[in-house]
Amino acid sequence: MSNTTPSDSVSTALTSSAPPAASQPAADRAYRHVKAGLLDGSYPDGHLLSEGEIAQALEMSRTPVREAFLHLQAEGFLRLYPKRGALVVPITPAEARSLLEARLALESFAIDKLASAPAEQLTSIGTELLEHPACDPAGLSDAEMHEADRAFHARIVSAADSPVVTDLYSALRERQLRITATARTHESPRRTVVTEQHTRLATALRDGDTADAKRCLHEHLAHTMRAIGVSGDFPAPGQ
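First, a word on what this report is: a plain description of the structure on this page.

Reading the values: rules and limits
Residues numbered from 1 in each chain as written. Predicted model: local features only at pLDDT ≥ 70, side-chain atom pairs only at ≥ 80, totals over all residues. Heavy atoms only, no water. Helix = DSSP H or I, 4+ residues; strand = E, 2+ residues; numbered from the N terminus. Buried < 20%, exposed > 50% of the residue type's maximum accessible area, 1.4 Å probe, protein only. Contact = heavy atoms within 4.5 Å. Areas by Shrake-Rupley, 256 points an atom, 1.4 Å probe, with all protein chains shown as cover. Core = buried A, V, L, I, M, F, W, Y, C linked by side-chain atoms within 4.5 Å. Pairing = 2+ DSSP bridges. Polar contact = N/O pair within 3.5 Å; in protein donor to acceptor, adjacent residues only side chain to side chain.

1. Focus: the overall build of the chain
For step 1, the next point in the chain: Within the chain, the regular secondary structure consists of 10 helices and 3 strands.
For step 2, the next point in the chain: Traced from its N-terminal end to its C-terminal end, the chain shows the element sequence α-α-β-α-α-β-β-α-α-α-α-α-α.
For step 3, the next point in the chain: Here the chain holds 239 residues, and the buried ones make up 47% of them.
For step 4, the next point in the chain: Intrachain contacts of the chain at a sequence separation of at least 6 include 70% that bridge at least 24 residues.
For step 5, the next point in the chain: Carbon together with sulfur atoms contributes 53% to the accessible area of the chain, which is approximately 11,400 Å² in total.

See below:
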């Protein structure tokens, strides 16, 4: 067990739209705190969380922590063991691959939809992404780079203006945050490679070359898959 504190960037991402901590129900505060630790890798696969430790860290009783654990168990993040604690459910290589395949499908769909948009819209999105911190992460911590990567890809999907696809994508990205945080995919020297891949993808969109954008996306996600230790590759774009 560990008293590791979740990173500020993931905690901020989870709480940015939430009311001030003082006005949040205790169970919500516990849920957000534990989920931040799950998503940033502070609580890795196989880690056993203690109700007492979380309650002490947040200065609350165990009851709201138990409610938070139950919520996270329902979402598939934890498995509860009475009188022992909550186990962080490991993500298998097969699940990791499936998540990345789903991401590739949804992001490719977004790029295909953007291909039919006016040229100026593609130019605008590409230019916006080139100015994104994910393309120039100097000064960012690993956790901040992690969040920048999430926001970069989410922007591509949201640009397709398909609310259902955006919601599906958001759910996938939460689960993948656990994978990439545990694998430290944004630490050097991988950070340099990831930054270059982001820049090439954004440049292709700015130039209106959606076919090249999809190739860049394929390369980027294949790199992520190798970085987390999953063997194999995706089918080449267009197959």
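On we go from here.
2. Considerations on the nonpolar core
For step 1, the next point in the chain: Core analysis: the largest hydrophobic core is formed by 37 residues, its most contacted members being Ile111, Leu129, Phe152, Ile156, Leu201, Leu205 and Phe234.
For step 2, the next point in the chain: With 8 residues, helix H5 (residues 93–115) is the largest single contributor of residues to this core.
For step 3, the next point in the chain: The contacts of leucine 205, once residues within four sequence positions are left out, are Ile111, Leu122, Thr123, Gly126, Leu129, Ile156 and Ala213.

3. Re the sheet that holds strand E3 (residues 85–88)
In sheet architecture, strand pairing relies on hydrogen bonds along the backbone and comes in two forms, parallel and antiparallel.
For step 1, the next point in the chain: Taken together, the 3 strands give an open sheet; going across it, the order is E1-E3-E2, and neighbouring strands pair in antiparallel fashion. Two strands close off the open sheet at either side, each with one partner strand: strand E1 (48–49) and strand E2 (78–81).

4. Examining the side chain of histidine 220
For step 1, the next point in the chain: Turning to its location among the elements, histidine 220 is positioned in helix H10 (residues 210–227).
For step 2, the next point in the chain: A distance of 2.7 Å separates polar atoms of two side chains, one belonging to histidine 220 and the other to glutamine 197.
For step 3, the next point in the chain: Excluding residues that lie within four positions of it along the chain, histidine 220 makes contacts with Asp149, His153, Val194, Gln197 and His198.

Read these as spatial facts, not as claims about activity.
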